[in-house]
Amino acid sequence: MNRLVCPFCGARELEEFLFHKTLPEAGASEYSAVYERTNRLDDSLEHWQHVHGCRAWLEVRRNPSSGDVLEIRMIGGGRN
Amino acid sequence: MSAASPRYSAWSLLRARLAGEGFWQPLWSGARLKDGYDVVVVGAGGHGLATAYHLARDHGIKRVAVLEKRLVGYGNVGRNTTIVRSNYLLPENHYFYEDSLRRWERLSRDLNYNVMYSPRGVLDLALSDGEMIGLARRGNAMRLAGIDAELLDRPGVMKFAPELAAAGPRRFDIVGGLLQPRGGTVRHDAVAWGYARAASALGVDIIEDCEVQGVRTAAGVATGVETTRGFVGAGRIVFAVAGHTGAVGRMLGLNLPVETHLLQAMVTEPIKPLIGSVLIYVPPHGEVYVTQSDRGGVVMGGFLDGFPSYTREGQWYRLEDVVGAAVALLPQIASLRILRHWAGTNDMTMDGSFIIDRLRHDNVFLNGGWCYGGFKAIPASGAACATFVATGTAPDLIRAHNLGRFASGHLLDERGGGPFPVRQ
C-alpha cells in the first residue's frame, strides 16, 4: 500500500495523508471507543485526512494484513 | 536433552579447536511435541523464551513448552536496533527497565552464552533549551531512583561523542545531552539463541512451525491450545506474541487496548569505527537513534510508519525521514549506502507502556504491548512474567502494568501523548 485514492483528488502518494484513528464497532461503550481496538487482521475501519491535499476527512476501510484498500469515501458521505 | 550443547568455556573452545567441526552441536534440541504441559508459552521470541527459561530455572516447572508459528527469533527479537537502556521518566517504567539493565549486565554469565552486552553509553541529544529542561527532568527522575544519568553541556557532548563535533555548522545546534553510561547494545540474535539454548538445557520443549489457532476452555478455565499440530493440553498459557497481541484478543473474543503499527530500522554498509555510543534524538526536528554495529554498519531507527499494519513492509517516506534525521546529526554518513532495511510489527498500547496481566481466564497470561520497549525489557520481563505465572501474584515491578489501568485511569503515559497508539 503506497497510494490512496482520494475521492476528490484521485490517486495520491500515501505521504499526503494522515492516519487519525481506528473506529470502534457500532454500539461500543465510551471507554471501549477510546481505549480498545477490535484488531481484526483483515478489516480495519479508519479515519484519515488528506492533509497535504484537499484536507478532506476520509473514512477508509483497509485490510491491514495485505495493505489493500477496500473502500474509501468522505466522512458522512455527503457533499461539502 | 542437556547433552545437545556443551557448556562453553575457554577450555571448551580449546577442545572445539582440537575436535574440529564435530564439537559444535545444535543449540537447542529438536524436541517432540507432547500431549500436555504445565505451562505452554506461545511465541519463541525474546519474551517467550525468557519466560520459559525462568519458569524452569527459578520455579522448577519442568513441563514447559514454547510453541512458535515460524522459527525461533523470527519476529521482533531479530528486528530491532539492539539498544538497551533504562532512561525512563516514570518510576513504574524506570525501575522495571533498570532491573532489566542489571540483568543484561550479567546475562552472558547466566546463560553461558555471549550476548555481547556493550555498555557504550546512550546519549539523548537536545537541540534547544526547552529540550534540555526535558532531559534534566528525566535525568533527575532517574538519579532519584539510583540509575546512572549525567546531564552534559555542549562541550561535554562533544567530548563524549567527537563524531558530532566534526559535523560543522548546523541549522539547529546541539545544546547538550543526557547520558546513561551503562546503556548500550546487545547482540539481538544471540539473545534469542542464548535463551533458547539455556531453556532447552533445562528441559523446555521448543517447538517451531506450530501455530496456535485457538484456546480450548472448560467451565471457565483454559485447558489447552488448538494448534496446527493438534490440541496441546496446558495447565497455564502465556501469550508472548507482541506485534500480534490484537489477534490473541480476537482468539479470546476480547477487544484489547493495543493496535499494531510498523516500525522500521535500516543498516548501511560497514565502515571503520565512527560512532562510539548510541545517539538518540527525539522530536520536534525528527526522530532517530543511531549506533554502529560491531560489524561496522550504521544502524538507524526512527518512528512508526503511522497507520495500523501487519504487512512488515516499511513505507519509503518514513525511511527518508529517519535517514534525513540521521544525516542531519552526522553529515559524514550521507554518502553511505543502505544495505538492508526492515519493518517489525509493534503492539502499540494506549499509553505507550507494556501489559503483563491475566487475560480473561485465571490461567491465561498476556505478555505484550511492548511498543518501542520490547527488546531491552526481555530479561526483566521473562523473570517477572515467570514469577507471575508460577505464583499467581504479579511481582511489584509489573503490578502497575495491568490491563485494568486504562479503565481506572492509572495510565503510564511516558510521553504524555494521550490515548493514541500512533503517537506513543
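Definitions and cut-offs
- Here the residue index of a chain counts from 1 through its sequence in written order.
- Each chain gets a letter, beginning with A, and each ligand a number, beginning with 1, in the order they are written.
- Residue-level local features of this predicted model are given only where pLDDT is at least 70; pairs of side-chain atoms are given and counted only at 80 or more, and the full residue set underlies all totals for whole chains, interfaces and linings.
- Computation of side-chain values: all heavy atoms of the structure, hydrogens and water removed.
- Numbering of helices and strands starts at the N terminus; helices are DSSP runs of H or I of at least 4 residues and strands are runs of E of at least 2.
- Each residue gets one of three labels from its accessible area relative to the maximum for its type: buried under 20%, exposed over 50%, partly exposed in between, using a 1.4 Å probe on protein chains only.
- Working rule for contacts: check all heavy atoms of both residues, and any pair within 4.5 Å makes them a contact.
- Areas reported here follow the Shrake-Rupley algorithm with a probe of radius 1.4 Å; residue values treat only the protein chains shown as occluding.
- Here the positive residues are Lys and Arg and the negative ones are Asp and Glu; neither His nor the chain ends is included.
- To locate a charge, take NZ of a lysine, CZ of an arginine, CG of an aspartate or CD of a glutamate.
- Accessible area that two parts lose when put together, with a 1.4 Å probe and added across both, is what the buried area reports.
- Any Lys or Arg side-chain nitrogen found within 4 Å of a carboxyl oxygen on Asp or Glu counts as a salt bridge.
- What counts as a ring pair is set by centres within 6.5 Å for rings of Phe, Tyr and Trp (its six-membered ring), and what kind of pair is set by the plane angle: stacked under 30 degrees, edge-to-face over 60, tilted for all other angles.
- Whether a charge sits over a ring comes down to the Lys NZ or Arg CZ being within 6 Å of the ring centre and within 35 degrees of the ring normal.
- Strand pairing is assigned whenever DSSP identifies at least 2 bridges connecting the two strands.
- For helices, the fitted line uses only the C-alpha atoms of the stretch in contact; every axis is such a line through C-alpha atoms, and the angle between N-to-C directions lies from 0 to 180 degrees.
- Here the bounds of each domain stem from an automatic or database domain assignment.
- Multiply 1.5 Å by the residue count of a helix minus one, and that product is the helix's expected span.

Trainee: Now, about the overall build of chain A: what can you tell me, with residues and values included?
Mentor: When helices and strands are tallied, chain A shows one helix and six strands. Helices (α) and strands (β) of chain A occur, in sequence order from the N terminus, as β-β-β-α-β-β-β. Taken along the three principal axes of its C-alpha coordinates, chain A extends 35 × 30 × 20 Å. Counting across all 80 residues of chain A, residues that qualify as buried make up 39%. Considering only intrachain contacts with a sequence separation of at least 6, the fraction spanning at least 24 residues in chain A is 41%. Carbon together with sulfur atoms contributes 47% to the accessible area of chain A, which is approximately 4,500 Å² in total. When the 10 positive and 12 negative side-chain charges of chain A are each reduced to one mean point, those points stand 5 Å apart.

Trainee: Please provide a residue-by-residue account of the interface of chain A and chain B, values included.
Mentor: With 24 residues of chain A in contact, the opposing surface of chain B contributes 26 residues. In this assembly, chain A packs against chain B so that about 2,100 Å² is buried in total across both faces, 55% of it on carbon and sulfur atoms. Its largest share of buried area at the contact with chain B, chain A owes to Tyr35, Arg37 and Asn39 of chain A, together 29% of the area lost on that side. Taken together, the links from chain A to chain B amount to one salt bridge.

Trainee: Before we move on, can you summarise the packing of aromatic side chains with the specific residues and values?
Mentor: All names here are of chain B. In the structure shown here, the tally under the stated rule is 16 aromatic pairs over all chains. Ring geometry for Phe96 against Tyr97: centres 5.2 Å apart, planes inclined by 85 degrees, an arrangement best described as edge-to-face. By relative accessible area, Phe96 is classed as buried at 0%. Between Phe354 and Trp370, the ring centres sit 4.2 Å apart and the planes meet at 15 degrees, which makes this aromatic pair stacked. With Phe354 in the loop between β16 (338-349) and β17 (355-359) and Trp370 in the loop between β18 (361-368) and α10 (374-391), the pair connects residues that are 16 residues apart, well separated along the chain. For the pair Phe354 and Trp370, a shared accessibility class is recorded, and that class is buried. Taking the ring centre of Tyr74 as reference, the NZ or CZ of Arg79 above it sits at 5.2 Å. Above the ring of Phe420, the side-chain terminus of Arg423 is found at 4.2 Å from the ring centroid.

Trainee: Residues and numbers for the sheet that holds strand β15 (residues 297-308) of chain B, please.
Mentor: Residues and elements named next belong to chain B. If you trace the eight strands from one edge of the open sheet to the other, you get β5-β6-β4-β13-β14-β15-β12-β16, paired in mixed fashion. Taken across any chain shown, the strands that pair with only one partner, and hence form the sheet edges, are β5 (150-153) and β16. Averaged over all pairs of adjacent strands, the angle between their axes in this sheet comes to 25 degrees, without regard to strand direction. With six bridges connecting them, strand β12 (residues 258-270) and β15 associate as antiparallel partners. The residue bridging Leu263 from the neighbouring strand is Leu304, located in β15. Relative to strand β6 (residues 176-180), helix α4 (residues 129-144) is tilted by about 20 degrees, and along the sheet it contacts β4 (122-126), β5, β6 and β13 (278-281). Lying on the sheet, helix α9 (residues 316-329) is in contact with β4, β12, β13, β14 (288-292), β15 and β16; it crosses β15 at an angle near 140 degrees.

Trainee: So, the pairing of β14 of chain B: which residues are in play, and what are the values?
Mentor: Residues and elements named next belong to chain B. Counting buried positions along β14 gives five out of five residues, so the element sits mostly inside the fold. Of the two faces of β14, the one carrying Val288, Val290 and Gln292 and the one carrying Tyr289 and Thr291 are both buried. Judged from the four bridges that link them, β14 and β15 form a sheet pairing that is antiparallel. What sits directly across from Thr291, in β15, is Val299. Linkage of β14 to β15, two consecutive antiparallel strands, is achieved through a turn of four residues, within which Gly296 is found at a positive phi near 110 degrees.

Trainee: I'd like a rundown of the domain arrangement of chain B, residues and numbers included.
Mentor: Residues and elements named next belong to chain B. Looking at chain B, the domain boundaries give domain 1 (34-79 + 188-257 + 351-423) and domain 2 (119-182 + 259-349). Here the C-alpha centroids of domain 1 and domain 2 sit 29 Å apart. Between domain 1 and domain 2, the contact holds 23 residues from the first and 21 residues from the second. Both sides of the domain 1 and domain 2 interface together cover about 1,800 Å² of buried area, and 49% of this is carbon and sulfur.

Trainee: A description of α4 of chain B should follow, citing residues and the corresponding values.
Mentor: Residue and element names in this part refer to chain B. Across its 16 residues, α4 extends 22 Å between first and last C-alpha, which sits within 8% of the 22 Å expected from 1.5 Å per residue. In the core, the buried residues of α4 are packed alongside α3 (91-111), β4, β5, β6 and β13. Phi turns positive one or two residues past the end of α4, at Gly146, with a value near 80 degrees.

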